[in-house]
Amino acid sequence: MNNKEPVNIAFFDSKPYDIAFFTEANKNFLYNIEFLEPNLNRKTAVLAKGAQVVCAFVNDKLDKETLDILYNEGIRLVVMRCAGYNNVDLEAAYGKITILRVPAYSPYSVAEFALAALLSLTRKIPQAFNRTRNGNFQLSGLTGRDLHGRVCGVIGTGKIGKIFAELMKGFGMEILLYDKFPDEAWAKEKGFRYTDLDELFTKSDFISLHCPLTPESRHIINGESLKKMKNDCVLINTGRGALIDAKALVEALKDKQIGGAALDVYEEEEEYFYEDWSTEVIKDDVLARLLMMPNVLISSHQAFLTTEALTAIANTTLNNVKAYIEGKPLENQVCFKCSNN
Ligand code: NAI
């Protein structure tokens, strides 16, 4: 690929908002973007035929087989239009296909959504909305809790976790932090404290997850950790679904071991999230059970979905393509042997 030939981008899992924001951003790049509806996986990878670049998202499955098919179709560059890349087999891509991502767009979009989900759940706003729409103006059953004076645990204090912690501080909460690589200087400046997971689990009234999904963080919330939490502790997950063992969460909620959960991501979300299942039977019993619980709020991986974030995602993704074509340094590369992963 060079910067004189036309560049064809096969854009998988495209939704109306992707098309709108990428079409606008592409006015400055003029690539040929083919917006494809299907998710990218080993069955659909052949649709990339004729393209030089593939653009993929969080629920596309870039396993070895998919990457091999893309490679055989001549794809040498995959641009992820998201921050996380846990769905890419970096080892299989290594030496064959370059993977670029959008490490930061608007961390505020996700942190603010986590806050909105927490307040919606603790103040029972969805129930209140449904009641008043039906002409029911009663308050029984809608008693909430103040955030002020409570303890908030934040797991993962990178770009998003830091903003979330600072927002929580604004409510007058005590903040407990856990990170594999603590930023002590920032914590000291803000008056926050890093601790171990045990203390965070036992002392927090609210726990929000903002770390990436890695083999180490997979099921960081499991049967054991749920047992340690306060009976009214509320979990918020805008990170990745598999940070929580969803089956264990259902049991903990049934046994009233914890108070509730606001989930923007779900362990087995690929089949359901971003699609309309309203006229179908949901076969995933864990998801169906969670959807029925009054103290669970599920959204469909939408924390990133703001105008600011979508604009930044489109611009960075297309700039990533440009940097690759022009042979510039690839700041946003993730790879099997890269130190910035
Ligand atoms: P970041 O890379 O700035 O921060 C991640 C933090 O997690 C770092 O401080 C890192 O040291 C820490 N960490 C890594 N492994 C850990 C472990 N095992 N235990 C505890 N902490 C660990 O990432 P950023 O931008 O703050 O995003 C965090 C995550 O949020 C992303 O990885 C992604 O999965 C998720 N996300 C979700 C979105 C949504 O729409 N729901 C949108 C964007 C990101």
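Scroll up to find the structure.
Residues numbered from 1 in each chain as written. Predicted model: local features only at pLDDT ≥ 70, side-chain atom pairs only at ≥ 80, totals over all residues. Heavy atoms only, no water.

K.L.:
Would you mind showing me how to read the sheet that holds strand β13 (residues 333–334) here?
P.N.:
Paired through backbone hydrogen bonds, the strands of a sheet run either parallel or antiparallel to each other. Across the sheet, which stays open at both edges, the six strands sit in the order β2-β1-β3-β4-β5-β13 with mixed pairing between neighbours. Each edge of the open sheet carries a strand with a single partner, namely β2 (32–35) and β13. Summarising the sheet, strand β5 (residues 98–100) and β13 pair through two bridges and their orientation is antiparallel. From the neighbouring strand, I99 faces β13, where its bridge partner is V334. On top of the sheet, helix α1 (residues 16–25) reaches β1 (8–11) and β2; it is set at about 175° to β2, its chief contact. (Pairing = 2+ DSSP bridges. Helix = DSSP H or I, 4+ residues; strand = E, 2+ residues; numbered from the N terminus. Contact = heavy atoms within 4.5 Å. Axes fitted to C-alpha atoms, helices over the stretch in contact; angles between N-to-C directions.)

K.L.:
Even after reading the chapter, I still don't get the site of the ligand, so can you show me in this structure?
P.N.:
In the vicinity of the ligand lie 22 residues, with Y105, K159, I160, D179 and T238 positioned nearest. Between the ligand and I160 there is a distance of 2.9 Å, counted from an oxygen atom to a backbone nitrogen or oxygen. The side chain of D179 places a nitrogen or oxygen atom 2.6 Å from an oxygen atom of the ligand. Contact with the protein chains removes 86% of the 870 Å² of surface that the ligand exposes when unbound. Partitioned by chemical class, the residues of the shell around the ligand number nine nonpolar, eight polar and five charged. (Near = heavy atom within 4 Å. Polar contact = N/O pair within 3.5 Å; in protein donor to acceptor, adjacent residues only side chain to side chain. Areas by Shrake-Rupley, 256 points an atom, 1.4 Å probe, with all protein chains shown as cover. Nonpolar A, V, L, I, M, F, W, Y, C, P; charged D, E, K, R; others polar.)

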